[in-house]
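Inside the fold
So the chains spell out like this:
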Amino acid sequence: MAEAILEVRDLVKHFPLTQGIIVKKQIGAVKAVDGVSFDLYRGETLGIVGESGCGKSTVAKLLMNLERATSGQVLYKGEDITKLSGRALKAVRRNIQMVFQDPYTSLNPRMTVGDIIGEPFEIHPEVAPKGDRRRKVQDLLDVVGLNPEYINRYPHQFSGGQRQRIGIARGLALNPEIIICDEPVSALDVSVQAQVINLMGRLQKEFDLSYMFIAHDLSIVRHISDRVGVMYLGKMVEIGDDEQIYEHPTHPYTQALLSAVPVPDPESREHRERIILSGDVPSPANPPSGCRFRTRCWKAQDKCATEVPLLAVPERFKGADSPAAHESACHFAEEKDVVGAA
Amino acid sequence: MTTLEKAGPEQTDATRTAPLLEVRDLHVEFHTRDGVAKAVNGVNYSVNAGETLAVLGESGSGKSVTAQAIMGILDMPPGRIPKGEIFFRGQDMLKMSGEERRKIRGQKIAMIFQDALSALNPVLSVGYQLGEMFRVHQGLSKKDAKAKAIELMDRVRIPAAKERVGDYPHQFSGGMRQRIMIAMAMALEPDLIIADEPTTALDVTVQAQVMDLLAELQREMNMGLILITHDLGVVADVADKIAVMYAGRIVETAPVHEIYKAPAHPYTKGLLDSIPRLDQKGQELYAIKGLPPNLLRIPSGCAFNPRCPMAKEVCRTDVPPLAAVSDTRASACHFWKETLDG
Ligand SMILES: Nc1ncnc2c1ncn2[C@@H]1O[C@H](COP(=O)(O)OP(=O)(O)OP(=O)(O)O)[C@@H](O)[C@H]1O
Ligand SMILES: Nc1ncnc2c1ncn2[C@@H]1O[C@H](COP(=O)(O)OP(=O)(O)O)[C@@H](O)[C@H]1O
Ligand code: SF4
Ligand code: SF4
Ligand SMILES: [Mg+2]
Ligand SMILES: [Mg+2]
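Please read all numbers here as calculations on a predicted model, not as lab measurements.

Residue and element names in this part refer to chain B. Two elements in contact, helix 8 (residues 174-186) and helix 9 (residues 204-221), have axes separated by 10 Å at closest approach and are oriented at 15 degrees. In terms of axis orientation, helix 8 runs roughly parallel to helix 9. The two elements helix 8 and helix 9 meet at a crossing, and its hand is right-handed. Across the interface between the two elements, Gly175, Gln178, Arg179, Ile182 and Met186 of helix 8 pack against Val206, Gln209, Val210, Leu213, Leu214, Leu217 and Met221 of helix 9. Residue composition of the contact of helix 8 with helix 9, grouped by class: eight nonpolar, three polar and one charged.

What follows deals with the interface of chain B and chain A. The interface is formed by 44 residues belonging to chain B together with 43 residues belonging to chain A. With both chains or domains summed, chain B and chain A bury close to 3500 Å², and 54% of this area falls on carbon and sulfur atoms. If you sort the residues of chain B by the area they bury against chain A, Thr205(B), Asp237(B) and Lys281(B) come out on top, with a joint share of 17%. The tally of links from chain B across to chain A stands at eleven residue pairs in polar contact (both at pLDDT 80 or more). Elements that contribute at least two residues to the side of chain B that touches chain A include exactly helix 8, helix 9, helix 10 (232-238) and helix 11 (256-261) of chain B. In terms of residue class, the side of chain B that touches chain A is built from 21 nonpolar, 13 polar and ten charged.

Residues and elements named next belong to chain B. Along the chain, Ala185 turns up in helix 8. A C-alpha to C-alpha distance of 46 Å links Ala185 and Lys312, two positions 127 residues apart in sequence. Every residue in contact with Ala185, bar those within four places of it in the chain, is listed here: Ala110, Met111, Ile112, Pro190 and Ile193.

Let's shift gears to the pattern of salt bridges. All names here are of chain A. By the definition in use, this model includes 36 salt bridges over all chains. Where Glu51 meets Arg296, a salt bridge forms, and the shortest distance between an N and an O atom there is 3.7 Å. With a gap of 245 residues between them, Glu51 in the loop between strand 3 (45-49) and helix 1 (56-63) and Arg296 in the loop between helix 9 (252-260) and helix 10 (302-306) connect regions that are remote in the sequence. We note that Glu51, like Arg296, is buried. A salt bridge links Glu119 to Arg170; its shortest N-O distance comes to 2.7 Å. Of the two residues, Glu119 is situated in helix 3 (residues 113-123) and Arg170 in helix 5 (residues 160-172); the sequence distance between them amounts to 51 residues. Taking relative accessible area as the criterion, Glu119 reaches 31% and is therefore assigned partly exposed. Because the salt bridges share partners, they merge into one network encompassing Glu3, Arg42, Lys77 and Glu177.

Around ligand 4, a shell composed of 13 residues is seen, among which Cys302(B), Cys308(B), Cys315(B), Cys333(B) and His334(B) lie nearest. A per-class count over the shell around ligand 4 returns ten nonpolar, three polar and no charged.

Here the UniProt-annotated "domain: ABC transporter" (unreviewed entry) positions come out as residues 21-272 of chain B. Counted over residues 21-272 of chain B, helix gives 42% and strand 28%. Its end C-alpha atoms are 28 Å apart.

The next thing to look at is the nonpolar core. Most often, soluble globular proteins have nonpolar side chains that are buried together. The biggest cluster of nonpolar side chains holds 64 residues, and the ones touching the most others in it are Ile168(A) and Phe213(A). Ranked by residues supplied to this core, first place goes to helix 6 (residues 190-207) of chain A with seven residues. Other than its neighbours up to four places away in sequence, Ile168(A) contacts Val99(A), Val144(A), Val196(A), Leu199(A), Met200(A) and Leu203(A). The next biggest cluster of nonpolar side chains, apart from the first, holds 42 residues, and it includes Ala116(B), Val165(B), Ala185(B) and Ala195(B).

On to the site of ligand 3. Around ligand 3 sit 13 residues in total, of which Cys291(A), Cys297(A), Cys304(A), Cys330(A) and His331(A) are the nearest. Looking at the shell around ligand 3 residue by residue, the classes come out as nine nonpolar, two polar and two charged.

We now examine the pairing of strand 7 (residues 192-196) of chain B. Residue and element names in this part refer to chain B. Taking burial as the measure, the five residues of strand 7 include five buried ones, the bulk of the element. Burial along strand 7 is two-sided: Leu192, Ile194 and Asp196 facing one way and Ile193 and Ala195 facing the other are all buried. Of the strand pairs in this sheet, strand 6 (residues 109-112) and strand 7 are connected by four bridges, and their pairing is parallel. When the bridges of strand 7 are listed, Ile109 appears paired with Leu192. In this structure, strand 7 lies alongside strand 8 (residues 224-229), joined through five bridges in parallel fashion. When the sheet's bridge partners are listed, Ile194 is paired in strand 8 with Ile226.

Rules used throughout
- Residues numbered from 1 in each chain as written.
- Chains lettered and ligands numbered in written order.
- Predicted model: local features only at pLDDT ≥ 70, side-chain atom pairs only at ≥ 80, totals over all residues.
- Heavy atoms only, no water.
- Axes fitted to C-alpha atoms, helices over the stretch in contact; angles between N-to-C directions.
- Helix = DSSP H or I, 4+ residues; strand = E, 2+ residues; numbered from the N terminus.
- Parallel < 35°, antiparallel > 145°, perpendicular 65-115°, else oblique.
- Left-handed = near helix turned anticlockwise from the far one by under 90°.
- Contact = heavy atoms within 4.5 Å.
- Nonpolar A, V, L, I, M, F, W, Y, C, P; charged D, E, K, R; others polar.
- Buried area = accessible area lost by both parts, 1.4 Å probe.
- Polar contact = N/O pair within 3.5 Å; in protein donor to acceptor, adjacent residues only side chain to side chain.
- Salt bridge = Lys/Arg side-chain N within 4 Å of Asp/Glu carboxyl O.
- Buried < 20%, exposed > 50% of the residue type's maximum accessible area, 1.4 Å probe, protein only.
- Near = heavy atom within 4 Å.
- UniProt positions renumbered as here; feature names shortened; annotations may be inferred.
- Core = buried A, V, L, I, M, F, W, Y, C linked by side-chain atoms within 4.5 Å.
- Pairing = 2+ DSSP bridges.

Written out as structure tokens, the structure is:
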């Protein structure tokens, strides 16, 4: 088995809900992330999918310690990032970088591209001595396929795809081991998405990077991921390699999610069984007891309201030499024929 | 069910056999500080009752501007329509009086916008806004209009419609708001609905709910539907025919089954090729090179020529006409035959 570079254990983030202006009283909490565990292996791409608000970005920020975890651990080479601060945190952050979703707002409009990409060197001057920085930045521009002469331009002079490349160049500046990508291509047009995805693939090989890739486009996630985790309402509900998740999902939510993805082939219209979920995602401030998916699950039974299903290989598949034998948090996990995303 | 008298001249044979809506050689330009932006440069498409036309194109290709011109809600100035015709049941709407157009808009043609939150009035209850359609257009009393509003909310499957009719837009989820927009568009049982990226902001499972609903209501009322989207999956799922836009022109139109099998324009082919496919996992995606053109400086000849792998000299000098490929297909490419043959 591959070596885990990041081990996430029982990670929890609750955002307090308060009332009152002068005397703040906590009246509850948004349970954005509520006990999530997974490993990120060296050199792999772990895709994370799930609907808006399920906690993907919050997990990403917790991994960088940009948000303080309520509880749980994020072990980087055995060291718990959530407990670090000051210089020790700074040292770890050098190795874990992030690329954000929105190429239009994540770059400071008043800084030149050179300053944006070189900014990490200000925080970590040991990586590039002052005299060396300009050349380094130009190298980075070159690596991501931008003209090094653009170094003095401003973000608004670039297209969305080019801005995303600038964000990636910045993420690469400190030679990190891990890059956490939060919807890196979602804001881009189809024809430009492919360019950025290809770039990320090339960089991964060249620099031996581990990616955590958050996205809502399930076919893109499948294309680039070695493993995929599915989140629902603050929980990881299923995780496995891409074939296990896409061809042999055993969790009803994953099955519904995959069946909802429109397939770009009109011939498949007639032969598809689509699971249309009823209702909306419940509020993370007040999640259902037991299994959080039960309010929308067509298989829910009494047990689902009382017992929280754990993320584990289901008993019935344990030891089986079957792609269904992967971790799934459902009391009644089983395969179902759905024509999923290609 | 509309109780109003027929507006406009008597129906003639021509108006009876004409398509529900036909756009002919439409041009729209915007006069900006930097020059004239040619947003729409000769759009031709048509849709019949009961039919779904998908308009596919990247952002900035002129999809929404065309729709705004049809609805008569273009910002003029800076917008201008130097040329073109928009026939609704055989009558050119661009030649109608403001009064005549207003009658058609809302009652005969309705529009659904991408962003429901900004399309709905935040300070009025959803029930009031729905009821307004009936009060203004059908002169219903407040009480009857409210009953109608509840009925509509029921119909688009808003749970507990009776209790929620007084709620404000921000109190609903994104999917519910989009369903309320659909309800509003449906209220007067129009002949044609223009839906501008109605599900782009939604999660796939919610998208599936909304598209399902839209298709069902369309079937019931035998409406024409113009669905604007950049999602090849959504198109394959619901469209009867498709019009592909690039730099303000229709570059290809075809029945949906045929275009996915064999595109007759290199841009369409490029879009289809850049969809991640299973057998390509781990390999580079096909990517259309370069960027969409700047509308202030559209390339001469074929606007796609700087990005086209098939471009020849003639492409840089001569604008390719929208040529008939078959009775039901057309392509604006000098080399459509070669493209079609693969
Ligand atoms: N600073 C905060 N204070 C309070 N609640 C928050 C905060 N940040 C996030 N949340 C809530 O936590 C939940 C998870 O949010 P998160 O941004 O992680 O979702 P996501 O999965 O990234 O969604 P999306 O796909 O829309 O980006 C949401 O209910 C969100 O409203
Ligand atoms: N009010 C306006 N003033 C100036 N330019 C505009 C205006 N509205 C749209 N445009 C321009 O027209 C082009 C086509 O826009 P649009 O139809 O919205 O594209 P899309 O295909 O993404 O819907 C874009 O370049 C856009 O910036
Ligand atoms: S545990 Fe129960 S409610 Fe949850 S997904 Fe499984 S069957 Fe559905
Ligand atoms: S006309 Fe020429 S440049 Fe344009 S799409 Fe056809 S081959 Fe390509
Ligand atoms: Mg997010
Ligand atoms: Mg638009």
